Number of protein chains: 2
Amino acid sequence: MAATSLVLDGPAGAPLQEQLAEALRGAILAGRLAPGTRLLSTRALSEQLDLSRNTVLNAYARLLAEGYLVGHTGSGTYVARELPERHASVRRAASRGPARGLEAEPPALSRRGAALAAVPAPFDLARGIPPGRMAFRLGVPALDAFPSELWGRLLHTRWRRSWGDLLSWAPPAGHPPLRRAIADYLATSRGVRCVPEQVLIVSGSQQAMSLAAQVLMDPGDAAWVEDPGYFATLGALTAAGATAVPVPVDAEGLDVEAGLRLRPDAKLAFVTPAHQFPLGVVMSPRRRQALLAWAARAKAWVLEDDYDSEFRYVGRPLPALQGRIPDARVLYTGTFSKVVAPSLRVGYLVVPEALVDAFAAARGFAGLSSPVLEQAVLADFLTQGHFNRHVRRMRVLYAARQDALVEAARRELKGLVDVEPTHTGMHLTGWLPEGVDDRAASARAAQAGLLAFPLSQFRLESRGRGALMLGYSPVPEEQMDDSVARLARALR
Amino acid sequence: MAATSLVLDGPAGAPLQEQLAEALRGAILAGRLAPGTRLLSTRALSEQLDLSRNTVLNAYARLLAEGYLVGHTGSGTYVARELPERHASVRRAASRGPARGLEAEPPALSRRGAALAAVPAPFDLARGIPPGRMAFRLGVPALDAFPSELWGRLLHTRWRRSWGDLLSWAPPAGHPPLRRAIADYLATSRGVRCVPEQVLIVSGSQQAMSLAAQVLMDPGDAAWVEDPGYFATLGALTAAGATAVPVPVDAEGLDVEAGLRLRPDAKLAFVTPAHQFPLGVVMSPRRRQALLAWAARAKAWVLEDDYDSEFRYVGRPLPALQGRIPDARVLYTGTFSKVVAPSLRVGYLVVPEALVDAFAAARGFAGLSSPVLEQAVLADFLTQGHFNRHVRRMRVLYAARQDALVEAARRELKGLVDVEPTHTGMHLTGWLPEGVDDRAASARAAQAGLLAFPLSQFRLESRGRGALMLGYSPVPEEQMDDSVARLARALR
């Protein structure tokens, strides 16, 4: 295969690895890469195409997972002899996107639909996890410590007391008592400047991103995204016809200077200043300043995703970027998925007053409103003081779980995985020795029943040392030693 | 004011009435129409601009509601002396859409965001209704007959029995037991051809529209929408950057020939074949045939919204369009909002197998998934036979409520409102005498505490006799006479 015959002209907003996967998939489906063909090594292809090796590795990994490629240890990667049946129609349609006009039949999906189907979906990974096999799943709270009796009581009482009020629609912006309770909480705990009217109830930060992309961006506009970062952002941008611009993250958080070099005219920046996802760094005051200055100058917006800042174990958390200066061009989002439970599908988005009506309209047109019962019970949970108690309990629990992880890792994972304790969050970054492929390490961990996502899965164009993301929040202390020992055996 | 100085170049997808409202708003904000100016009569302006009088009436009504205009009975319509403060910033931003480049500051919203904020939002109307004042609210079930004790018991049992399974995410496509139960129900009751894997759980038909527009359309593509029709469709299309093409509805449903004349290259058609919303007609077999033939020929898609077909009082309902022929290019959506309760926010979207992955991805990127508890309890409600019993009970109840309405109307509303009984649904169309303005009639009814939407609110470009939409489902039989008598007094 002449690598130069691959044209990377994939859908707007798709990262290079997706464009490469798409181009390879298209070549396979069109027969330009015949079944059984041996592909170039990832190293050789990355040199020929002048792409990072990670980009090529990720593209190969995706096609291996989809069944277009097969790998034989020690002998390379080959085009599968049997092409995947199940996804064939969707994929074939998807592959038409860029090649439109060359085929007799128009595509089943629009170009945007095909691009959406091709964005890697993190939420696929969230399902079907057998109980007791949650180590080291990222972003899952300690569901073993969920106050189920209390919640059941609140549910029962709320239903009995006011079922008549719980049957009709909530306003698109959300159940008013919950909006008030959240505004109080954010002002007190996170230094967010807001009145209840600015708080919109959304199904979580994913919906917040999706709405922000719709309301603040036009097709073709660019948004800065952190690299490595939460890649479902790409889905929200693709749905809005917008383009993701990966901006590197360093020890101070998003590199604003790099963003300015890449796309000073971006309309939106997605950031996680309190605890960068997934690296865990805190955005420095200098960078916060620079980011706000850029937004003010460029009349752009910042979407601050404060996804797990409740869990700060040492000292007081840095207040939200949103509250740093008056009239900052910042939208603020958070979720109860991490602090209470993912199944609630309740999060919030705080927007400037001038934008409230437009966001409420977009929320309504995307699916009216969130279910009322969850919102009402959550409002009770907050206003009756249970939420603050729960957060305090979880903070103690997670600190102990992190300690247990660090201790066990120092004992068992020496030379295999390097972890440093942090002051915030629900996971640690477990650095692998230079040159070790984190996808392969993650696959070995998975065979041992452990869900440790590879850092490179969150990389778009950045390169760097491999790591396993170790979520400690769902692992009970008494299971930590065993889980770490299993990881050590899997990696050895 | 020279009417010809108004340029209708509003956002794509916005109906003429919105474009006119936008142009007038812009002229007012820019000072081209000074405070206190008397506007042309709706008749004179409609003639000058060659628009239907309804279009002009609707634009004036919107600006009156927003406070840009004030009306003095008998003396015409004037530009308000005090412009509205509350919406000023959003509206001002919105008004920049078409005038981009003429102002110093870039807009706070994207052009799409401004267009979204300008689409009339039907869901604003759903909130804040005092109990006992539901006459004649459209699309609300008999919440007074909701089986609250049974539902509370199911909720309690499901939580106690399996709270551990109800805390994590549902897959984006939905809770599997609910998908199975819905597939069974649709196959048996509606003749829908599907397996559970084709059923996606959505928050309602609004989300179904929003996803269909994203997955099946690219920016600039056109979709046929029924006129009169459910206007929130426009919001879903605007969010996707797509264009709505109003297609007239007659006694046989959507006029497919007219659609072919207007935009044969449309990618999608939104239809309500079982019971056209809001007119209530059933799409004829001939038209169904023509619609499917167009979709097959044009490789377009039909989104069938089967929003209230459970309520058929005489004979068997016509099976769904989706199941009419194998491999029809039809997506099928329905909701539990009308059959169970709006607050659940659970509906379904049945898509061809080849599209499942793309729709699940779009659903995920729009906000992951729906809350699990509602889905699990609803699955119990369906599989334990409660749902079928509930539908049968509601059918008897609604038939009786419709009878009561028709009887009272014949007695009290002679010469004021003309109603004909129908075999399906939850509302009747109450035709007003020729020449009577249905918005004014609706406003008078509202003053009497009655929510009877004017038909013209659902019109895009069509003209025709005015009517009040009379939802009988939420009005208990014993309150019907009084409600109808109040309406008669209000209209007399």
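Residues numbered from 1 in each chain as written. Chains lettered and ligands numbered in written order. Predicted model: local features only at pLDDT ≥ 70, side-chain atom pairs only at ≥ 80, totals over all residues. Heavy atoms only, no water.

K.L.:
Explain the relation of the copies chain A and chain B to me, please; I cannot follow it from the model alone.
P.N.:
Each of the two chain copies can be brought onto the other by rotation about an axis and movement along it. Least-squares fitting of chain A to chain B yields an RMSD of 0.1 Å, with the superposition described by an axial translation of 0.0 Å and a rotation of 180°. Such a combination of rotation and displacement between the chain copies is what one expects of a two-fold axis. Residue by residue, 100% of the interface of chain A is reproduced at the interface of chain B, so both copies engage with the same surface. (Least-squares fit on C-alpha atoms with pLDDT ≥ 70 in both. Contact = heavy atoms within 4.5 Å.)

K.L.:
What exactly am I supposed to notice about the interface of chain A and chain B here?
P.N.:
Frequently, the measure chosen for interface size is the accessible area removed from exposure when the parts meet. Counting from both sides, the interface comprises 81 residues of chain A and, opposite them, 81 residues of chain B. Connecting chain A to chain B are two salt bridges. The partner of A:R111 in a salt bridge is B:D218, with the nearest N and O atoms 3.3 Å apart. Linking chain A to chain B there are 29 residue pairs in polar contact (both at pLDDT 80 or more). Of all the elements in the fold, those that place two or more residues in the side of chain A that touches chain B are α4 (88-99), α5 (111-118), α6 (148-162), α8 (205-216), α9 (233-239), α12 (356-365) and α13 (372-383) of chain A. Considered class by class, the residues forming the side of chain A that touches chain B number 49 nonpolar, 20 polar and twelve charged. (Salt bridge = Lys/Arg side-chain N within 4 Å of Asp/Glu carboxyl O. Polar contact = N/O pair within 3.5 Å; in protein donor to acceptor, adjacent residues only side chain to side chain. Helix = DSSP H or I, 4+ residues; strand = E, 2+ residues; numbered from the N terminus. Nonpolar A, V, L, I, M, F, W, Y, C, P; charged D, E, K, R; others polar.)

K.L.:
I would appreciate a short explanation of unusual backbone geometry in the present structure.
P.N.:
Most peptide bonds take the trans configuration, and most residues that are not glycine carry a negative phi. For the bond running from A:D227 to A:P228, omega is 0°, close enough to zero to count as cis. Here A:P228 shows up in the loop between β4 (222-227) and α9. For the bond from A:F277 to A:P278, the omega torsion is 5°, close enough to zero to count as cis. By secondary structure assignment, the location of A:P278 is in the loop between β7 (268-271) and α11 (285-298). In this structure, B:R345 takes a positive phi of about 55° despite not being glycine. Mapped onto the elements of the fold, B:R345 is located in the loop between β9 (330-335) and β10 (347-350). For B:R345, a relative accessible area of 3% translates into the label buried. (Buried < 20%, exposed > 50% of the residue type's maximum accessible area, 1.4 Å probe, protein only.)

K.L.:
Hey, could you run me through the domain arrangement of chain A in this one?
P.N.:
All names here are of chain A. Domain parsing of chain A yields domain 1 (3-104), domain 2 (148-387) and domain 3 (396-491). The interface is formed by eleven residues belonging to domain 1 together with nine residues belonging to domain 3. A combined buried area of about 700 Å² lies between domain 1 and domain 3, and 43% of that area is made up of carbon and sulfur atoms. When residues of domain 1 are sorted by the area they lose upon contact with domain 3, S52, N54 and N58 head the list and together hold 48% of the total. Along the contact surface separating domain 1 from domain 3 lie zero salt bridges. (Domains from an automatic or database assignment. Buried area = accessible area lost by both parts, 1.4 Å probe.)

K.L.:
Would you take a moment to explain the sheet that holds β4(A) for this structure?
P.N.:
The strands making up a sheet associate through backbone hydrogen bonding, with each pair oriented either parallel or antiparallel. Residue and element names in this part refer to chain A. If you walk across this open sheet you meet the eight strands as β3-β10-β9-β8-β7-β4-β5-β6, and the pairing is mixed. Each edge of the sheet is formed by a strand with only one pairing partner; in this case those strands are β3 (199-202) and β6 (253-254). By the bridge criterion, two bridges tie strand β5 (residues 243-250) to β6 in an arrangement that is antiparallel. By the bridge assignment for β6, V249 is matched with L254. (Pairing = 2+ DSSP bridges.)

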